[in-house]
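Spelled out, the chains give:
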Amino acid sequence: MDRVVYLDNNATTMVDPEVLEAMLPFLTERYGNPSSIHSFGGEVGAEVDRARMNVSKLLGADYDYEIVFTGTGTESDNMAILGTIAYYKEKKHIITSRVEHPAILALCKKLERDGYHVTYVPVDSHGNLDMDMLRDSVTEHTAVVSIMYANNETGVIFPVEEIGAFLKQRGVPFHVDAVQAAGKIPIDVNKINCDLLTISGHKFHAPKGVGALYVRRGTRMRPVNYGGHQEKGRRPGTENVPGIIGMGKAAELAVEHLKNHDGMKRLRDKLEKGLLSQFKNSMLNGDSESRVPNTTNIGFEFIEGEAILLYLDDKKIAASSGSACSSGSLEPSHVLRAMGVPFTCAHGSIRYSLSRFTTEEEIDYTLSVMPEIVDRLLSISPYWDNEKKVCKPVNF
């Protein structure tokens, strides 16, 4: 393969050429400040509003001004949680899940140190949320519930519409981290009944460094930062205009391409079935049905995932062993631990995530090189008897 086979699209996607073309004028001749009163800046401001409209359409929002542009998904998550609890100061209870992105989990751990009580809802062996526990955990002291739409490691989709309907009846603010769902499956904030929803541009072929927070009209929250009037005072600071324009164009394209994701799902399934059939000591991590169409997470028993990634990298294949935001850790994924994935598989689990630019040739190439990699690593594994082709008796 004379190019990199990029199967780490849940970490970041390539910028769509059409997106790049839309951005370039705002890096050169159209560099006015959108907040300025002169026409040079005002024209740029009109383009920012057009981008806001496109993002609004991607999310099914009723009003463009419900979209607040931010720098990242992490910033949007923090704005949602911190802004909500700042308004409901007397309420010291937060509910989330055990498999959230570090942007939520790290914040919740910090808030626990500040005196908040956080309920972490568990998942089952397929990565599905314990809905009974979530419902039973809500009290009059609950300030906000934050649940992801789709898991970044397994692709498993959570029943956010069911959660939203329940929380609306209870009058509890609901935040959805939809970073891994946007551009992959249809999103309708009104069907979800969420008050707040996070997305990040670089997950659907916009540039890195631009995100958005949907804030339903009438939602009560405080600003996290203070300064200028930008984003109606909810996120002050001069706008990243090229990034916003890129995100708007990417949102427009994402709406067009949502109906064409059967091809991406077919390639994902081909890769998944090929890997599971080649290696008897492998397993699918996560629900096989309720998940986004681009993601599969395969556990290879008795070998290390980091070693697999190094050998894949040598073959010009980029994949991941978990969230890119926590890939510096040698510990097994917190998502797989929460699912109860056996130790022998958790350490050898690889996430393959496709995009609409992934080709059949790239999938075939990946399937062709994996046997050599797995066989080589099994031959040196302390848990594998290479002669008998069975696991050695080991006490974990």
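Residues numbered from 1 in each chain as written. Predicted model: local features only at pLDDT ≥ 70, side-chain atom pairs only at ≥ 80, totals over all residues. Heavy atoms only, no water.

S.K.: Explain the sheet that holds strand β8 (residues 211-215) residue by residue, including any values.
M.R.: Spatially, β2-β8-β7-β6-β5-β3-β4 is the arrangement adopted by the 7 strands of the open sheet, whose pairing is mixed. Looking at which strands have only one partner, the edges of the open sheet turn out to be β2 (67-70) and β4 (117-121). For this sheet, the mean inter-axis angle between neighbouring strands, taken without regard to orientation, is 20 degrees. Helix α2 (residues 39-59) contacts β2, β7 (196-200) and β8 of the sheet and is inclined by roughly 110 degrees relative to β2. (Pairing = 2+ DSSP bridges. Helix = DSSP H or I, 4+ residues; strand = E, 2+ residues; numbered from the N terminus. Axes fitted to C-alpha atoms, helices over the stretch in contact; angles between N-to-C directions. Contact = heavy atoms within 4.5 Å.)

S.K.: Can you tell me about the packing of aromatic side chains, naming the residues and giving the values?
M.R.: In the structure shown here, the tally under the stated rule is 4 aromatic pairs. Between Tyr31 and Phe40 the ring centres are 5.2 Å apart and the planes differ by 75 degrees, which places this aromatic pair in the edge-to-face class. Plain terms: the ring middles of Tyr63 and Tyr65 are 5.3 Å apart, the flat faces sit at 20 degrees to each other, and that makes the pair stacked. The exposure class of Tyr63 is partly exposed, given its relative accessible area of 32%. (Phe/Tyr/Trp six-rings, centres within 6.5 Å; stacked < 30°, edge-to-face > 60°. Buried < 20%, exposed > 50% of the residue type's maximum accessible area, 1.4 Å probe, protein only.)

S.K.: So what about the nonpolar core? Which residues, and what values?
M.R.: Core analysis: the largest hydrophobic core is formed by 66 residues, its most contacted members being Leu59, Tyr149, Phe174, Leu197 and Ile199. In terms of residues, this core owes the most to one element, helix α8 (residues 241-257), which gives 8 residues. When sequence neighbours within four positions are dropped, the list of residues in contact with Phe174 reads Val145, Ile147, Val160, Ile163, Gly164, Leu167, Ile192, Asn193, Cys194, Asp195 and Leu196. Within the second largest apolar cluster, 28 residues are counted, among which are Leu271, Phe279, Ile308 and Leu312. (Core = buried A, V, L, I, M, F, W, Y, C linked by side-chain atoms within 4.5 Å.)

S.K.: Talk me through the state of the cysteines; I want residue IDs and the actual numbers.
M.R.: Applying the stated rule across the entire model yields 0 disulfides. With no disulfide of its own, Cys194 has Cys108 as its nearest cysteine by sulfur position, at a separation of 17 Å. (Disulfide = S-S within 2.5 Å.)

S.K.: Tell me about the pattern of salt bridges, and please be specific about residues and values.
M.R.: Tallied over the full model, the rule gives 22 salt bridges. Among the ionic pairs, Arg50 bridges to Glu47, the shortest N-O distance being 2.6 Å. Of this pair, Arg50 and Glu47 are both found in helix α2, 3 residues apart, which corresponds to roughly one turn of the helix. By relative accessible area, Arg50 is classed as partly exposed at 42%. For Glu47, a relative accessible area of 21% gives the class partly exposed. Linked through salt bridges whose partners overlap, the residues forming this network are Asp2, Arg3, Glu361 and Glu362. (Salt bridge = Lys/Arg side-chain N within 4 Å of Asp/Glu carboxyl O.)

S.K.: I'd like a description of the sheet that holds strand β10 (residues 295-300), backed by residues and values.
M.R.: Ordered by their spatial adjacency, 3 strands build an open sheet running β9-β10-β12, and the pairing between neighbours is antiparallel. The open sheet has two edge strands, β9 (282-284) and β12 (349-353), and neither has a second partner. Averaged over all pairs of adjacent strands, the angle between their axes in this sheet comes to 25 degrees, without regard to strand direction. Of the strand pairs in this sheet, β9 and β10 are connected by 3 bridges, and their pairing is antiparallel. Across the sheet, the residue bridging to Ser282 is Phe300, located in β10.

S.K.: Before we move on, can you summarise the packing of helix α9 (residues 262-278) against helix α13 (residues 360-379) with the specific residues and values?
M.R.: Between α9 and α13, the shortest axis-to-axis distance is 10 Å and the interhelical angle comes to 15 degrees. In this view, α9 runs roughly parallel relative to α13, as classed from their interaxial angle. When the axes of α9 and α13 are compared, the crossing they make is right-handed. Contact residues: Arg266, Leu267, Lys270, Leu271, Gly274, Leu275 and Gln278 in α9; Glu360, Ile363, Asp364, Thr366, Leu367, Met370 and Pro371 in α13. Of the residues in the contact of α9 with α13, the class split is 7 nonpolar, 3 polar and 4 charged. (Parallel < 35°, antiparallel > 145°, perpendicular 65-115°, else oblique. Left-handed = near helix turned anticlockwise from the far one by under 90°. Nonpolar A, V, L, I, M, F, W, Y, C, P; charged D, E, K, R; others polar.)

S.K.: Any details on the environment of Met23? Residues and values, ideally.
M.R.: Topologically, Met23 is positioned in helix α1 (residues 17-23). Overall, Met23 belongs to the buried group, its relative accessible area being 8%. The spatial distance from the C-alpha of Met23 to the C-alpha of Pro207 is 9.5 Å, given a sequence separation of 184 residues. Residues in contact with Met23, not counting those within four places in the same chain, are Pro207, Pro242, Gly243, Ile245 and Gly246.

S.K.: Requested: an account of the pairing of strand β3 (residues 93-97), with residues and values cited.
M.R.: Most of β3 sits out of view: 5 of its 5 residues are buried. A two-sided burial pattern is seen for β3, the buried positions comprising His93, Ile95 and Ser97 on one face and Ile94 and Thr96 on the other. Relative to β4, β3 is paired through 5 bridges, and the arrangement is parallel. Within β4, the residue paired with Thr96 across the bridge is Tyr120. For the crossover that starts at β3, traverses helix α4 (residues 102-113) and ends in the parallel β4, the hand is right-handed. With 3 bridges joining them, β3 and strand β5 (residues 142-148) adopt parallel strand pairing. Within β5, the residue paired with Ile95 across the bridge is Val145. (Right-handed = clockwise from strand over helix to strand, strands pointing away.)

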